[in-house]
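Spelled out from the first residue to the last, the chains are:
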Amino acid sequence: MEPYIWDSLKEICEREGLTLNDICTQIDQRRGEANLTASIRVFIVSYFRNAIGSRGFSEDGPSSILRKAMDDAIPPFD
């Protein structure tokens, strides 16, 4: 992936108190037949779109922004 994409993903990890492996594993488990790289890109866009207008981020675990971005970008695989 492009450096900007990696930087964006690392920023999300820092904000959410998660590792790259944590987030990539969650995306991988939910992506179904979609390409992992494409799913990561969609997740990043969804995360930051959901963050627009937010008054802050959770400092004690995954935020509602993370959960919403995950649900919007990569619906749970049933």
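If you check an unreviewed UniProt entry, the protein appears there as Ribbon-helix-helix domain-containing protein from Azospirillum baldaniorum.

(A) Examining the packing of aromatic side chains more closely. A full pass over the atoms with the stated rule returns 2 aromatic pairs. Between F43 and Y47, the aromatic rings sit 6.1 Å apart at their centres with planes inclined by 50 degrees, giving tilted as the arrangement. Separated by 4 residues within a single helix, F43 and Y47 lie in helix α3 (residues 36-51), roughly one turn from each other. Classification of F43 as buried rests on a relative accessible area of 0%. Plain terms: the ring middles of Y47 and F48 are 5.3 Å apart, the flat faces sit at 85 degrees to each other, and that makes the pair edge-to-face. The exposure class assigned to Y47 is buried, which follows from its relative accessible area of 0%. Grouping aromatic residues by their ring pairs yields a cluster made of F43, Y47 and F48.

What counts, and at which threshold
Residues numbered from 1 in each chain as written. Predicted model: local features only at pLDDT ≥ 70, side-chain atom pairs only at ≥ 80, totals over all residues. Heavy atoms only, no water. Phe/Tyr/Trp six-rings, centres within 6.5 Å; stacked < 30°, edge-to-face > 60°. Helix = DSSP H or I, 4+ residues; strand = E, 2+ residues; numbered from the N terminus. Buried < 20%, exposed > 50% of the residue type's maximum accessible area, 1.4 Å probe, protein only.

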